[in-house]
Amino acid sequence: MPFEPGKIRNVAVVGHRGTGKTSLVEALLFQAGAANRLGTVESGSTVSDWDEDEQRRQMSLSASICHVEWQGRKINLIDTPGDAGFQGDAIAALRVVEGALFVVSAVMGVEVQTSRHWQRAEDADLSRVLFVNMLDRERADFFRVLEALRSQLSDKCVAVHIPIGVEHELKGIVDLLHMQAYLDPEGGQRESGPTEIPADMQAQVDEYREKLLDAVVETDEALMERYLEGQELSTEEVAKALKDAVTRGEVFPVACGVASKNLGTTAMLDLLVEGVPSPAKKGAPISVDGGGTAAFVFKTIADPFAGRINVFRVLSGTMKGDSAIVNARAHSKERLSQVLQVQGKEHVQVPELGEGDIGAVAKLKETQTGDVLLDAERQIEAPEIGFPEPVMSFAVTPKAKGDEEKMAAGIRRLGEEDPTIQMRRDQQTGEQLLSGLSQMHVEVAVDRLKSRFNVEVELHQPRVPYLETIRKESRAQGRYKKQTGGRGQFGDCHIVLEPLDGHQGYEFVDKIAGGVIPQSFRPAVDKGIQEAMAHGELAGAPVQGLRVLLVDGSYHTVDSSEMAFKIAGSLAFKSAYEKADPALLEPIMELEVTAPEEAVGAVNGDLNSRRGRLQGMEPRGGMTTIKAEVPMAEILTYSQALTSMTGGRGDYHMHFLRYEEVPAHIAQKIIDEAKKEKEEAKV
Ligand SMILES: Nc1nc2c(ncn2[C@@H]2O[C@H](COP(=O)(O)OP(=O)(O)OP(=O)(O)O)[C@@H](O)[C@H]2O)c(=O)[nH]1
Ligand SMILES: [Mg+2]
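Residues numbered from 1 in each chain as written. Chains lettered and ligands numbered in written order. Predicted model: local features only at pLDDT ≥ 70, side-chain atom pairs only at ≥ 80, totals over all residues. Heavy atoms only, no water.

Observations regarding the sheet that holds strand β8 (residues 172–175)
This is how the line gets drawn: Between any two strands, at least two bridges found by DSSP are needed for them to pair. Put simply, DSSP H or I for four residues or longer makes a helix, DSSP E for two residues or longer makes a strand, and each gets a number counted from the N terminus. Axes here refer to lines fitted to C-alpha atoms; in helices the fit is confined to the stretch in contact. Angles between the N-to-C directions go from 0 to 180 degrees. Contacts are assigned to residue pairs with any non-hydrogen atoms lying within 4.5 Å of each other.
Pairing in this open sheet of three strands is antiparallel, and the strands run β7-β8-β9 from one edge to the other. Of all strands in the sheet, those with a lone pairing partner are β7 (161–164) and β9 (180–183), marking the two edges. Across this sheet, the average inter-strand angle for adjacent strands is 25°, counted without regard to direction. The strands touched by helix α9 (residues 265–275) are β7, β8 and β9; relative to β9, the strand with the most contacts, the crossing angle is about 130°.

So this is what it looks like as structure tokens:
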């Protein structure tokens, strides 16, 4: 029997890099009996960081799906990567759950990704609980971090657990909801049952219990009345009111513990069951019209052996094995042979998964991340995950000649798995560009191409796709004449070049009066000109932004041919172009940088040195958003620079805005360089 929606909890575990999410998920699995030993990140033995690259780098690179049973409930836990380069999976996970579990370091407190995911959870109206981890570390301070959560995230954050002792003196935690304590299970054991709260903590426990009750009754009038009258409230009553408050986003309970030692996990499991709303209580995070079965694919695993695995959340109805389903985007029928329950890298076949649950399906033909699977064809509106656009691009080439196709196929597969990895060919420079969210993100993709698809590739700084244009009208003749033995070649044309507004476009206007060039040869002139325009004479960049008037010419009845007129067109263009005051154009990007206030001066100064033009600044909650227009050529290596200026707290994205003339002194350098390259290529 599948779990009823009322007995499921879906929780995305999110937070900043290295706060202990994977360790916490491991400990929760162990404590609940879903794993029979407590794996560690250091030894690469956790359930959720099962991928080789994750183990080598000791960090999560993609989301892992795990689940435990606790108090007769099924808790689905999605362990997400904290690194910003890999946040695509965290963003997708936050789309398919009712609850987010924020893991925060008791040393570091609120960090960049904490705030960013908090904002996302806020936008999606998710119920949130927090776990202040690493209480055992030096300089850990639960109460300082609690204040930081209240001032930087929300003043509705309230402690449900507090530590007994701190740093190396840490003994355990107190559960303020059930008024009991848990002690450090030494040596990676399971946590044993609750014990009594140490007597010497009474005053502190009373203080924080009162804060908790105040926050909870605040959200429930009937309870508030009885509380004020001095009546004793039962744990069940408080728990129920707490869950209602968490469901509505009126309280954010803050738990604590030591993930790597499995301390605080019993109370955390209780909190997930008692504090986080079920799919039945909260309703599907994505709504799809029309009733029946619907499931949303939020993750795809490209396994080179097992093929494609799609991970889904059941929005409504039941996903049954051995049935037919419809992919709503592709309007295609797919065979759903097996429904799988996922535990890290393990996939276990189950007969069906009910509404609200999370599972996977293997070997669908066309299904991708973001797709909706239905039991029957009907029109639905496609939900959006909202993946960020890639910001870092590298030119990529295979190490071995002839591996181009293999490389492209491998990158396509990686892109299915992680839509924030993209490849495209730059029309102008002809380079294959591999883009991602950070340098490390792209480097991991390169590692995976090798380990999974057996293609070795190299990354280079991409070329800037310069363009050329003209600034003046000019006129020239192109005359091609060849007389060798038998039939000769003859073509002759006069053209006028006129600049077009905005340096864009190309027009060819036939102004020939009478038949000085026969109708049939005129398109050849156009063709010859366009071929010459593909590599401008300044820097070999494509030329655009001009109108060609074909005004005059002559022909020969025997010797003229299309070929001859094509060459004449190209000659005419080259000589007219030289006289038309040609100029180099460069792409200008619209850049948006988010930086902490104290780094704004440095960021602006740096943008200035990159020929950036400031467009505006907007402070928001300790961070400032800076908008600027910057030439692409100056911002190819921005990621590293921003990281060092902001201590890793900065973030940026950019997109192409328009082409502009390159300032003369810089243009000359680019032109000289292009000439040099051309010379070298000839040798
Ligand atoms: N002392 C101490 N170390 C911990 C604790 N929890 C985790 N660690 C260690 O901190 C490091 C990072 O832990 P992870 O569980 O990988 O953290 P994460 O949040 O999953 O990291 P990303 O997936 O990269 O974002 C590992 O070396 C853990 O062993 C804790 O409570 N106390
Ligand atoms: Mg992790």
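With respect to the side chain of T22
Basically, it comes down to this: Polar contacts here mean pairs of N or O atoms no more than 3.5 Å apart (in protein, one a potential hydrogen donor and the other a potential acceptor; neighbouring residues in sequence count only if both atoms are side-chain atoms).
By the secondary structure assignment, T22 is in helix α1 (residues 21–31). At 3.5 Å, the side chain of T22 and the side chain of D49 are in polar contact. Within the structure, T22 has its side chain in polar contact with the side chain of S60 (distance 2.8 Å). T22 has contacts with V41, T46, S48, D49, S60 and D79, leaving out every residue within four places of it along the chain.

Brief notes about the nonpolar core
Note the threshold: Remark: nonpolar core denotes a set of buried residues (Ala, Val, Leu, Ile, Met, Phe, Trp, Tyr, Cys) joined through side-chain atoms within 4.5 Å. Classification of residues uses two cut-offs on accessible area relative to the type maximum, computed with a 1.4 Å probe and protein chains only: under 20% is buried, over 50% is exposed, and between them is partly exposed.
The biggest cluster of nonpolar side chains holds 108 residues, and the ones touching the most others in it are L130 and L149. Listed in part, the 69 residues of the second largest apolar core include L497, I512, I517 and V662.

Some remarks on unusual backbone geometry
You will see that Q71, though not glycine, has its phi angle at about 50°, which is positive. Here Q71 lies in the loop between β2 (64–70) and β3 (73–79). For Q71, a relative accessible area of 40% corresponds to the partly exposed category. The backbone of R611 sits at a positive phi, close to 60°, despite the residue not being glycine. Inspection of the secondary structure assignment puts R611 in the loop between α15 (600–609) and β31 (613–620).

Structural notes on the coordination of the magnesium ion (ligand 2)
Put simply, the rule is: Shown as donors are all N, O and S atoms within 2.8 Å of a metal ion, widened to 3.2 Å for Na, K and Ca; because water is not in the atom set, sites may appear incomplete.
At 2.0 Å from the magnesium ion (ligand 2) lie its protein donor atoms, namely T22 (OG1) and S60 (OG). Residue T22 is located in helix α1, and its partner S60 is located in the loop between α2 (52–57) and β2; the two are separated by 38 residues in the primary sequence. One exposure class covers both T22 and S60, and it is buried.

Comments concerning the site of ligand 1
Short version of the rule: Here a residue is near a molecule or strand as soon as one of its heavy atoms is found within 4 Å of it. The accessible surface values rely on the Shrake-Rupley method and a 1.4 Å probe; as for residues, cover is taken only from the protein chains in view.
Of all residues adjacent to ligand 1, which total 20 residues, the nearest are R17, K21, S23, E42 and S60. In the model, an oxygen atom of ligand 1 is placed 3.1 Å from a nitrogen or oxygen of the T19 main chain. Contact distances for ligand 1 include 3.2 Å between an oxygen atom and a backbone N or O atom of M134. Within the complex, 90% of the 650 Å² of free accessible area of ligand 1 lies under protein. No other element matches α1, which puts three residues into the shell around ligand 1.

Quick look at the packing of helix α11 (residues 404–417) against helix α12 (residues 439–453)
Rule in force here: Any angle that falls under 35 degrees is termed roughly parallel, while one over 145 is termed roughly antiparallel, one within 65 to 115 roughly perpendicular, and all others oblique. In this scheme the crossing of two helices becomes right-handed for a clockwise turn of the near helix relative to the far one and left-handed for an anticlockwise turn of less than a right angle.
Axis separation between α11 and α12 bottoms out at 10 Å; the angle between their running directions is 110°. Relative to α12, the element α11 is oriented roughly perpendicular. In this structure, the crossing between α11 and α12 has a hand that is right-handed. Here α11 contributes K406, M407, G410, I411, R413, L414 and E417 to the contact with α12, which in turn contributes A445, R448, L449, R452 and F453.

Some words on the environment of R475
Structurally, R475 can be placed in strand β26 (residues 474–482). The class of R475 is partly exposed, set by a relative accessible area of 46%. Contacts of R475, omitting those with residues within four sequence positions, involve H494, I495, V496, V551, D552, A576 and K579.

Some words on the sheet that holds strand β14 (residues 323–327)
In space, the eight strands of this open sheet follow the order β15-β14-β20-β11-β12-β19-β16-β17, with antiparallel pairing throughout. Bordering the open sheet on either side are β15 (332–336) and β17 (346–350), each of which pairs with just one other strand. Recorded for the sheet is a direction-independent mean angle of 40° between the axes of neighbouring strands. The pairing of β14 with β15 spans five bridges and is classified as antiparallel. The residue bridging V326 from the neighbouring strand is K333, located in β15. Its contacts with the sheet place α11 against β11 (294–303) and β12 (307–316), and it is angled at close to 145° to β11.

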